[in-house]
Amino acid sequence: MAPLSSTQGDTDQVLTDKNLFVRTLVLNRPRQLNALSSQMISKLLELFLAYEEDSNVKLVIMKGNGRAFCSGGDVAAVVHDINRGNWKIGAKFFWEEYILNYVMATYSKPQVSILNGIVMGGGAGASVHGRFRIATENSVFAMPETALGLFPDVGASYFLSRFPGFFGEYVGLTGARLDGAEMLACGLATHFVPSARLSSLEAALHKLDSSDPAIISAVIDEYSLQPYLKDKSTYHRLDIINRCFSRRTIEEILSTLEREAVKSADDWIFSTIQSLQKASPTSLKISLRSIREGRVQGVGQCLIREYRMVCHVMRGEVSKDFVEGCRAILFDKDKNPKWEPSRLDQLNDSMIDQYFSRVDDEEWEDLKLPARSSYTASALAKL
């Protein structure tokens, strides 16, 4: 196995390993839980496009250094730019990140993501769109954006809307954490491999000279097992989740949960209500609509719409909750954001509609997706 080498000029934020027909990319910001910086996104996009053109490369493996695969995009840097009046620098960050998500979703070669640790936000975008996603007993998945005044992006309106029933609405709106067994159950992960077997699995993958998903899947299957879904797993509550989170509006979801709480003294129901009450009202409203629209859209359409939404979030015309959420959670860490508007009933339909419209700025344009030959063949088959 060749020694890991850093990508030049990127202060070792992405390490690469060339091995006959396999390329391994290691996200390498362990102190930041491998949060994706703009340099990492640019480098990953450059490498993915180069590997696609290289006939020697049959398979791409992605993993993280340390206890995270990737904790998300580096939104702290984006907020600093917004505070300086430079929201368009943030727009460039999301533009490139969403292009990377689209390239992964339409990739002509198999991507194997080893999710041995934290997978949140942008980390989901860098893995879930790929062909194989391997969870372990250390995996922790979440889309915590509504608590930050954002919304589940990176194509999440595509993949959350394809979870069984209304489980995606539940996960996206509450920021609920899932373990490896739950990731496998809802389709986020394609395999579950105990972490002790990962090095043996990687060694076996390094010997492959094939891009055939069936062959790669058979190799991963040799190291996989069917994990035990804990008794207290929220996945066992799919009936009640479907009953509550299938409702048309956030207000109806909350009132249905409150009715369920009267019927049974279930701690899970109370904590779910609490999660929704703590989240940004604006974020909840735009997130629910986004996931619902994602149910009938392809991954490319979802990313184009999410780019419109994130630009409106950064501009802060309706609400500045993204800046406030990051202040409360990431910077001051008082965990006490002052949302504005502070209540769901202060948001009308035209305020929400604004997030889904084109941005009124002469220099702004909709996300332009690159032409991809493999779109129909692979993007629609992965989830």
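Residue indices follow the written sequence of each chain, beginning from 1 at its first position. Local features in a predicted model are, by the rule used here, given only for residues with pLDDT of at least 70; side-chain atom pairs are given and counted only at 80 or more, and totals for whole chains, interfaces and linings are based on all residues. For side-chain calculations, the full set of non-hydrogen atoms in the structure is used, while hydrogens and water are omitted.

J.: I'd like a rundown of the overall build of the protein, residues and numbers included.
T.: Strands are runs of DSSP state E lasting at least two residues, helices are runs of H or I lasting at least four, and both sets are numbered from the N terminus onward. Per the secondary structure count, the protein includes 17 helices and 11 strands. As defined in this context, the radius of gyration uses C-alpha atoms, and a globule is described by 2.2 Å times the residue total to the power 0.38. At 20 Å, the protein has a C-alpha radius of gyration in line with the 21 Å of a compact globule built from 383 residues. Structurally, the protein occupies a C-alpha span of about 60 × 50 × 40 Å along its principal axes. Residue contacts are counted whenever heavy atoms from the two residues lie within 4.5 Å of one another. Here the contacts in the protein between residues at least 6 apart in sequence split such that 73% fall between residues at least 24 apart. Per element, the accessible surface of the protein, about 16,100 Å² overall, is 50% carbon and sulfur. When the 44 basic and 47 acidic side-chain charges of the protein are each reduced to a single mean position, those positions are 2 Å apart. Areas reported as accessible are Shrake-Rupley estimates using a 1.4 Å probe. Residue values count occlusion only from the protein chains shown. Positive residues here are Lys and Arg, negative ones are Asp and Glu, while His and the chain termini are left out of the count. To locate a charge, the coordinates of NZ of Lys, CZ of Arg, CG of Asp or CD of Glu are taken.

J.: Residues and numbers for the packing of helix 13 (residues 281-294) against helix 14 (residues 299-315), please.
T.: Where helix 13 meets helix 14, the closest approach of the two axes is 10 Å, and the angle between their N-to-C directions is 165°. Here helix 14 runs roughly antiparallel to helix 13, going by the angle between their axes. Helix-helix and strand crossings are classified by hand; for helix 13 and helix 14 the assignment is right-handed. Only Cys-302, Arg-305, Glu-306, Met-309 and Val-313 of helix 14 make contact with helix 13, whose side of the interface consists of Ile-286, Ser-290, Glu-293 and Gly-294. Each residue belonging to the contact of helix 13 with helix 14 can be placed in one class, and the counts come to 4 nonpolar, 2 polar and 3 charged. Here, axes are lines fitted to C-alpha atoms. For helices the fit covers the stretch in contact, and angles between N-to-C directions go from 0 to 180 degrees. Oblique is the label for any angle not covered by the other classes, which are roughly parallel (under 35 degrees), roughly antiparallel (over 145) and roughly perpendicular (65 to 115). Should the near helix be turned counterclockwise from the far one by less than a right angle, the crossing is left-handed, whereas a clockwise turn marks it as right-handed. Residue polarity is assigned by list, with Asp, Glu, Lys and Arg as charged and Ala, Val, Leu, Ile, Met, Phe, Trp, Tyr, Cys and Pro as nonpolar; anything else, Gly included, falls into the polar class.

J.: I'd love a proper account of the sheet that holds strand 5 (residues 68-70), names of residues and values included.
T.: Spatially, 5-7-9-10 is the arrangement adopted by the 4 strands of the open sheet, whose pairing is mixed. Two strands in the sheet have a free side with no partner beyond their single neighbour: strand 5 and strand 10 (178-179). Note: two strands are recorded as paired if DSSP finds a minimum of 2 bridges between them. The sheet contact formed by strand 5 and strand 7 (residues 118-120) spans 2 bridges and is parallel. Bridge assignment links Cys-70 to a residue of strand 7, and that residue is Val-119.

J.: Quick one: what's the story with the side chain of Ser-113, residue by residue and with numbers?
T.: For Ser-113, the location among the structural elements is in strand 6 (residues 111-115). Summary of the burial criterion: residues with accessible area below 20% of their type's maximum are buried, those above 50% are exposed, and those between are partly exposed, where the area comes from a 1.4 Å probe applied to protein chains only. By relative accessible area, which is 0% here, Ser-113 ends up buried. Setting aside anything within four residues of it in sequence, one finds Ser-113 in contact with Met-62, Phe-69, Ala-126, Ser-127, Phe-132, Arg-133 and Ile-134.

J.: Which residues make up the packing of helix 10 (residues 238-245) against helix 11 (residues 250-263), and what values do they have?
T.: Interaxial distance between helix 10 and helix 11 falls to 8 Å at its minimum, and their mutual angle equals 135°. For the element pair helix 10 / helix 11, the angle class is oblique. Across from Ile-240, Arg-243, Cys-244 and Phe-245 in helix 10, the residues of helix 11 making contact are Ile-253, Thr-256, Leu-257 and Glu-260. Class assignment for the residues of the contact of helix 10 with helix 11 results in 5 nonpolar, 1 polar and 2 charged.

J.: Could you give an account of the environment of Lys-58, naming the residues involved and the relevant values?
T.: Relative to the elements of secondary structure, Lys-58 occurs in the loop between helix 1 (38-53) and strand 4 (59-64). Exposure remark for Lys-58: the relative accessible area of 22% places this residue in the partly exposed category. Each C-alpha atom of the pair Lys-58 and Val-78 lies 35 Å from the other, and the pair is 20 residues apart in sequence. Separated by 2.5 Å, the side chains of Lys-58 and Asp-209 make a polar contact. Polar contact is defined as a pair of N or O atoms within 3.5 Å, subject to the rule that within protein one atom must be able to donate a hydrogen and the other to accept it, and that residues adjacent in sequence are counted only when both atoms are side-chain atoms.

J.: A description of the confidence of the model for the protein should follow, citing residues and the corresponding values.
T.: pLDDT gives the predictor's per-residue confidence on a scale running from 0 to 100. On average, the protein scores 94 in pLDDT, and the residues at 70 or more come to 95%. Note that residues 6-10 has pLDDT below 50 and, in this model, 9 contacts with residues that lie over four places away or in other chains.

J.: If you had to explain the packing of aromatic side chains to someone new, which residues and values would you point to?
T.: Two rings from Phe, Tyr or Trp (for Trp, the six-membered ring) form a pair when their centres are within 6.5 Å of each other. A pair whose planes differ by under 30 degrees is stacked, one over 60 is edge-to-face, and the rest are tilted. Tallied over the full model, the rule gives 11 aromatic pairs. Here Phe-48 and Tyr-107 contribute two aromatic rings whose centre-to-centre distance is 5.0 Å and whose plane-to-plane angle is 65°, an arrangement assigned as edge-to-face. On the criterion of sequence distance, the pair formed by Phe-48 in helix 1 and Tyr-107 in the loop between helix 3 (87-105) and strand 6 is long-range, its members being 59 residues apart. Exposure class is identical for Phe-48 and Tyr-107. Each is buried.

J.: Break down the side chain of Asn-34 for me, with residues and values.
T.: Along the chain, Asn-34 turns up in the loop between strand 3 (22-27) and helix 1. Of note is the side chain of Asn-34, whose polar atom sits 3.0 Å from the backbone oxygen of Asn-65. Dropping the residues within four chain positions of it, Asn-34 is found in contact with Leu-27, Asn-28, Arg-29, Met-40, Gly-64, Asn-65, Ala-68, Phe-69, Cys-70, Ser-71 and Gly-72.

J.: Let's hear about the pairing of strand 2 (residues 14-19): which residues, and what values?
T.: Counted residue by residue, strand 2 has 5 buried out of 6 residues, so it is predominantly covered. Pairing analysis gives 6 bridges linking strand 2 to strand 3, with the strands arranged antiparallel. Its bridge partner lying in strand 3, Lys-18 is registered against Arg-23. Linking strand 2 back to strand 3 in an antiparallel pair, the connection comprises 2 residues, with Leu-20 at a positive phi of about 50°.

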